[in-house]
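Residue-level structural notes
Now for the letters of each chain:
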Amino acid sequence: MTTQTVPTDAGDARITWHRADGARLVLAVSHGAGGGIEARDLQALARVLPGHGVTVALVEQPWRVAGKKLAPAPKTLDTGWRGLWPALAAPGLPVVSGGRSAGARVACRTAAELGAHAVLALSFPLHPPGRPEKSRAAELLGAGVPTLVVQGGNDPFGRPAEFPEGAHRLIEVPCGDHGFAVAKRAEITQERALEIVTDGVVEWAGSLG
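**Thoughts on the nonpolar core**
- One finds Ile15, Trp81, Leu84, Leu88 and Phe124 to be the most contacted residues of the largest nonpolar core, which totals 33 residues.
- Contributions of two or more residues to this core are made by strand E2 (11-18), strand E3 (25-30), strand E4 (54-60), helix H3 (74-89), helix H4 (102-114), strand E6 (118-122) and helix H5 (137-141).
- Setting aside residues no more than four positions away along its own chain, Leu84 makes contact with Val6, Thr8, Ala13, Ile15 and Val59.

Below, the structure written as structure tokens:
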């Protein structure tokens, strides 16, 4: 594991690299608006995917590196991601652009222009809680590259059944909330919930040409 500071027009960002021997892909994933790369799903991917030939780059947006508690506007998030891209592409491998929640939106919005190989959208915030009329489906549907959505069955930002038809694939984490947390009385354990995330991403990553 190594860390790299990358200057962008939105401030300094940070990449924590979890490298795979003989890697064939880089999966770059950023956090959401309410947390950092310590998120359970991001850490699980960093533990598991390098064993399957995928280098994982956990990305901290400039606002997090600067110690701020509130995420900036989407335009600023996109600026930070664009500034990071040359460092993510530097290993010379196809880059899967990904993120959780707000980070998933960034990945979808910028995938085509940056030449992303694919998009991984973890807990895509399809709409604000209780506001289904404020749909962000256009961002997801407009990614323009192969896209995998991994969504909690109880995510208040959009349950799997609410997602529109499209070219993307969707994996449901039963009983999972927006952070893929499951209640103690849920039909699956927390460990199993994370296995559904990592197993699904490993299988999907292996299917990418």
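**Re the pattern of salt bridges**
- Inspection of every chain in the model, using the stated rule, returns eleven salt bridges.
- The shortest N-O distance in the salt bridge between Arg109 and Asp78 comes to 2.9 Å. Within this pair, whereas Arg109 is found in helix H4, its partner Asp78 is found in helix H3, the two being separated by 31 residues in sequence.
- Its relative accessible area of 24% is what places Arg109 among the partly exposed residues.

**Some remarks on the packing of aromatic side chains**
- Here the structure, examined in full by the defined rule, presents two aromatic pairs.
- With 6.5 Å between their ring centres and 65° between their planes, Phe124 and Phe163 make a pair best called edge-to-face. Of this pair, Phe124 sits in the loop between E6 and H5 while Phe163 is found in the loop between strand E7 (147-152) and strand E8 (169-173), placing the two residues 39 residues apart along the sequence. Like Phe163, Phe124 is buried.

**What about the environment of Val29?**
- Along the chain, Val29 falls in strand E3.
- By relative accessible area, Val29 is classed as buried at 0%.
- For the pair Val29 and Ala90, spaced 61 residues apart in the sequence, the C-alpha separation amounts to 16 Å.
- Residues in contact with Val29, not counting those within four places in the same chain, are Leu42, Val56, Ala57, Leu58, Val59, Trp81, Gly98, Gly99 and Leu120.

**Considerations on the sheet that holds E4**
- Read from one edge to the other, the open sheet built from eight strands follows the order E1-E2-E4-E3-E5-E6-E7-E8, with strand pairing classed as mixed. Two strands in the sheet have a free side with no partner beyond their single neighbour: strand E1 (2-8) and E8. In this sheet, neighbouring strand axes are inclined to one another by 20° on average, regardless of whether the strands run parallel or antiparallel.
- Note: strand E5 (residues 95-100) against E6, five bridges, orientation parallel. Following the sheet pairing, Ser97 is matched in E6 by Val119.
- Relative to the sheet, helix H1 (residues 40-48) contacts E2, E3, E4, E5 and E6, its axis offset from that of E4 by approximately 150°.
- Contacts between helix H6 (residues 190-207) and the sheet are confined to E3, E4, E5, E6, E7 and E8, with E8 contributing the most and set at about 160° to the helix.

**Some remarks on the packing of H1 against H6**
- It is the contact of H1 with H6, at a shortest axis distance of 10 Å, that shows an interaxial angle of 55°. Our classification of the angle between H1 and H6 gives oblique. H1 and H6 meet at a crossing whose hand is right-handed. Judged by residue contacts, Arg40, Asp41, Ala44, Leu45 and Val48 of H1 engage Gln190, Leu194, Val197, Thr198, Val201 and Val202 from H6.
- Looking at the contact of H1 with H6, its residues break down into seven nonpolar, two polar and two charged.

**Overview of the pairing of E2**
- As paired strands, E1 and E2 are joined by seven bridges and run antiparallel to one another. By the bridge assignment for E2, Val6 is matched with Ala13.
- Bridging between E2 and E4 involves five bridges; their strand directions are antiparallel. Opposite His18, over in E4, you have Val56 as the bridge partner.

Conventions and cut-offs
Residues numbered from 1 in each chain as written. Predicted model: local features only at pLDDT ≥ 70, side-chain atom pairs only at ≥ 80, totals over all residues. Heavy atoms only, no water. Core = buried A, V, L, I, M, F, W, Y, C linked by side-chain atoms within 4.5 Å. Buried < 20%, exposed > 50% of the residue type's maximum accessible area, 1.4 Å probe, protein only. Helix = DSSP H or I, 4+ residues; strand = E, 2+ residues; numbered from the N terminus. Contact = heavy atoms within 4.5 Å. Salt bridge = Lys/Arg side-chain N within 4 Å of Asp/Glu carboxyl O. Phe/Tyr/Trp six-rings, centres within 6.5 Å; stacked < 30°, edge-to-face > 60°. Pairing = 2+ DSSP bridges. Axes fitted to C-alpha atoms, helices over the stretch in contact; angles between N-to-C directions. Parallel < 35°, antiparallel > 145°, perpendicular 65-115°, else oblique. Left-handed = near helix turned anticlockwise from the far one by under 90°. Nonpolar A, V, L, I, M, F, W, Y, C, P; charged D, E, K, R; others polar.

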